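Architecture at a glance
Listed below are the residues making up each chain.
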Amino acid sequence: MDKKKQIIISIVLIIALFAGLWITERLVGTNSMLIVVLKKAVIYALLVASINLLQGFSGLFSLGEAGFMLLGAYTYAIFTIPEAVKGNVYQYYNGGLIHVNLPVWLALILGGLVAAFFAFLIGFVVLKLKSDYLAIATLGFAEILRAVFQWDALGGITNGSNILRSFPGFKSVLYPFVVVGLCMTAMMLLINSSYGRAYKAIRDDEIAAEAMGINLFKTKLQAFVISSFFAGIGGGLLAMYQLTVKASTFTSGLSDELLLIAVIGGIGSMTGSVIASFLYVAANEWWLRFLDQPAFIGTFQVPLLRSGFRKVVFSVIIMVIVLFYQQGLMGTREFSIVGIYEKLTGLKKKKKVKASGGGTEK
Amino acid sequence: MKMVLTAFIGNASFCSIFQSLAAFFKTNLPYILAGISVGGQYALIAIGYTMVYGILRLVNFAHGDVFMTAGLICFYLSLVTPLYVSLPLTAAFTVLLGFTIEKVAYKPLRDAPRTSAMISALGMSYLIQNLALYITGGLSKQYPQIPFISRSVTIAGATTKMVTIITPPLVIILVAALVALIKYTKIGMAMRSVADDFDTSRLMGIKIDKVISMTFIIGTFLASIGSMLYFTNYTAIVPTSGAMPGLKAFVAAVFGGIGSIPGAVIGAFIIGICENIIKGLGWTTFSDAFTFALLIMVLIFMPSGLFGEKKTDKV
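A brief report on the enclosed structure follows.

Time to look at the packing of helix H10 (residues 261-280) of chain B against helix H11 (residues 287-301) of chain B. Each pair of packed helices can be described by the angle between their axes along with the distance between the axes. All names here are of chain B. Two elements in contact, H10 and H11, have axes separated by 9 Å at closest approach and are oriented at 140 degrees. With respect to their mutual orientation, H10 and H11 come out oblique. For the pair H10 and H11, the crossing hand works out as right-handed. Counting all contacts with H10, which are made through Ile271, Cys274, Glu275, Ile278 and Lys279, the residues of H11 involved are Ser287, Phe290, Thr291 and Leu294.

Shown next, in the form of structure tokens:
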């Protein structure tokens, strides 16, 4: 299949996806479970992919995702709360200090840039550290950010430990899909570029990569900043989804959860991250809800079903994947229509080759 | 004349510094006492981190949650048995838990890349927290009062619990015993050898699995003692109770030089005291952040900590 054909097929599929989403939203209503799950899942997909960009493609173990999400979410919220309600939101801080209003898309990008800027500063300090120390240091920075954002003295900007609210959310399910789609495309292009190959070289062997002329520190910093940019945008989208922002919810537990989703999907596979995010969110918010409700068959109460059981089942599944299927769903493979097409046609080709008795192995 | 004057001034400024120091101690005494007490408790957790890291090069993220589980075990046991039975049983069950975690979550990954083991540790921590959430039903549990150590006492005008006085000597006794164990017994020698060179020890016929199990047993035993002291002060147990003390204990271990037991203890006391003085100064929001700021400082400026050995990576 040549390149032109691939591009045409991709465009057709993307248009079909968006048309499908648009029609589904019209049919089932904006507040239906399906649409809510889709919105959250696509945001998680971006966040998990941004973790995967670090962990899976650059070999940098970071647990600071929540901190960058926090930066993105706060930046978005601060710059989009309408002037009219600022007095209400910042009721303890005289209506806040920042009186600039940005359009939604600009505020999202600004959120990403703020996160990237902080990643740049933090990266300078922590990227010299090795695997587990790096994880702990990034986790530490996320916790420090969380404390700073709850600080009274910054209340005019961050509203202290109170929530930020009344900023615009999604009008349609298409919005997060478009934003995440653009971000994911950018990430995929990056991975397949020479930069992406440099990341992979570092992941596989730092010393060999350095010997091949890759500037370790610069490349790591670049990966860290880019990943954080997307984490910031994801944080902004999450704020749009939740309609409130509170610093105390961006815990290290959130980073862990996202990292574990990346593990389910396969560390080193972007499409794996997307699939795992959709499965995780759908199961967590929707399909496995019944595990939290006591159920009766006749008069017999099904044992174990009680509030919190869903999470236990999840953790067990995660442990099983971590211990026995370390590849996750996708390993390092990528799901692609072209790949499937080639596999189907390739099978035929292989048979032909065998029949003719030879040919070079690929 | 001049000399007398300068001597007098010097003396006066010395006096005023001393006085202000004394005043500082007097106003902050409750916080310093709380710091010493919580520092000792962090120390008991930190030993578990530092020993496991020393041997397996693994940050055992589940250790803080094991500490929390020890609290819950004690709570549930105290409902059915008197305290003198439930306390030793708590220690026994916690040790069993630590032992099981190692066998289930870390042993299968011994030859896998280090990040796999770390992810497994994160997953284990997630599992324990969720199990605790399920079992407690999301309600915080009140730790049972241990009669002797939860009694109130007054030291120089500051009221505190008996546990504050007991913690430091108890920690020192336990650490001394542990150091002796590591120095003079056969298993201790094996531990040192495994910490020094994993593969060579294996070749020399040391039973690695036994040594690692022993490390987890000691670590979780000390964590269970730590939980008895800690939850006497902070009596509400929720599933995330172990996360922060666990992280702080880990920071203490890094600060002291990971792998070094006296280092971990000293680091823990310093962190406990600083954190509480910061609370005393009215910066409660930053008491947790301080720990992490310290961690980052240590990692940047002296990565091997106070007492750690310098190590270089080999190709």
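Here the focus is the interface of chain B and chain A. Contact with chain B, which involves 43 residues of that partner, is made by 44 residues of chain A. Across the interface of chain B and chain A, roughly 3,600 Å² is buried in total on both sides, 78% from carbon and sulfur atoms. Of all residues in chain B, the largest losses of buried area upon contact with chain A belong to Ile119, Tyr126 and Tyr134 of chain B, amounting jointly to 21% of the total for that side. Counting the contacts that link chain B with chain A gives zero salt bridges. On inspection of chain B and its partner chain A, the count reaches two residue pairs in polar contact (both at pLDDT 80 or more). Residue assignment for the side of chain B that touches chain A shows that the elements contributing at least two residues are helix H3 (83-106), helix H4 (114-136), helix H9 (243-256) and H11 of chain B. Residues belonging to the side of chain B that touches chain A are distributed by class as follows: 33 nonpolar, seven polar and three charged.

Negative charge collects at one region of the surface, where Asp111, Asp196, Asp197 and Asp199 of chain B lie side by side. With respect to the helices, strands and loops of the structure, Asp196 of chain B is situated in helix H6 (residues 186-196).

According to the stated counting rule, one finds twelve salt bridges over all chains in the structure shown. The residue Glu206 of chain A makes a salt bridge to Lys220 of chain A at a minimum N-O spacing of 2.9 Å. Residue Glu206 of chain A is found in helix H10 (residues 206-211), and its partner Lys220 of chain A is found in helix H11 (residues 216-242); the two are separated by 14 residues along the sequence. Residues Glu275 of chain B and Lys248 of chain B are paired through a salt bridge, measuring 3.3 Å at the closest nitrogen-oxygen approach. Remark: Lys248 of chain B occurs in helix H9 and Glu275 of chain B occurs in helix H10; sequence separation between them is 27 residues. For the pair Glu275 of chain B and Lys248 of chain B, a shared accessibility class is recorded, and that class is buried.

Before going further, it helps to spend a moment on the packing of helix H2 (residues 33-55) of chain A against helix H12 (residues 252-265) of chain A. Residues and elements named next belong to chain A. H12 packs onto H2 with a crossing angle of 80 degrees between their chain directions and a minimal axis gap of 9 Å. Classified by the angle between their axes, H2 and H12 sit roughly perpendicular to one another. Residue-level inspection shows Tyr44, Leu47, Val48, Ile51 and Gln55 of H2 in contact with H12, the latter providing Leu254, Ser255, Glu257, Leu258, Leu259, Ile261 and Ala262.

Rules of the game
Residues numbered from 1 in each chain as written. Chains lettered and ligands numbered in written order. Predicted model: local features only at pLDDT ≥ 70, side-chain atom pairs only at ≥ 80, totals over all residues. Heavy atoms only, no water. Axes fitted to C-alpha atoms, helices over the stretch in contact; angles between N-to-C directions. Helix = DSSP H or I, 4+ residues; strand = E, 2+ residues; numbered from the N terminus. Parallel < 35°, antiparallel > 145°, perpendicular 65-115°, else oblique. Left-handed = near helix turned anticlockwise from the far one by under 90°. Contact = heavy atoms within 4.5 Å. Buried area = accessible area lost by both parts, 1.4 Å probe. Salt bridge = Lys/Arg side-chain N within 4 Å of Asp/Glu carboxyl O. Polar contact = N/O pair within 3.5 Å; in protein donor to acceptor, adjacent residues only side chain to side chain. Nonpolar A, V, L, I, M, F, W, Y, C, P; charged D, E, K, R; others polar. Patch = residues over 30% accessible without salt bridge, like charges linked within 9 Å, V, L, I, M, F, W, Y side chains within 5 Å. Areas by Shrake-Rupley, 256 points an atom, 1.4 Å probe, with all protein chains shown as cover. Lys, Arg positive; Asp, Glu negative; His and termini not counted. Charge placed at Lys NZ, Arg CZ, Asp CG, Glu CD. Buried < 20%, exposed > 50% of the residue type's maximum accessible area, 1.4 Å probe, protein only.

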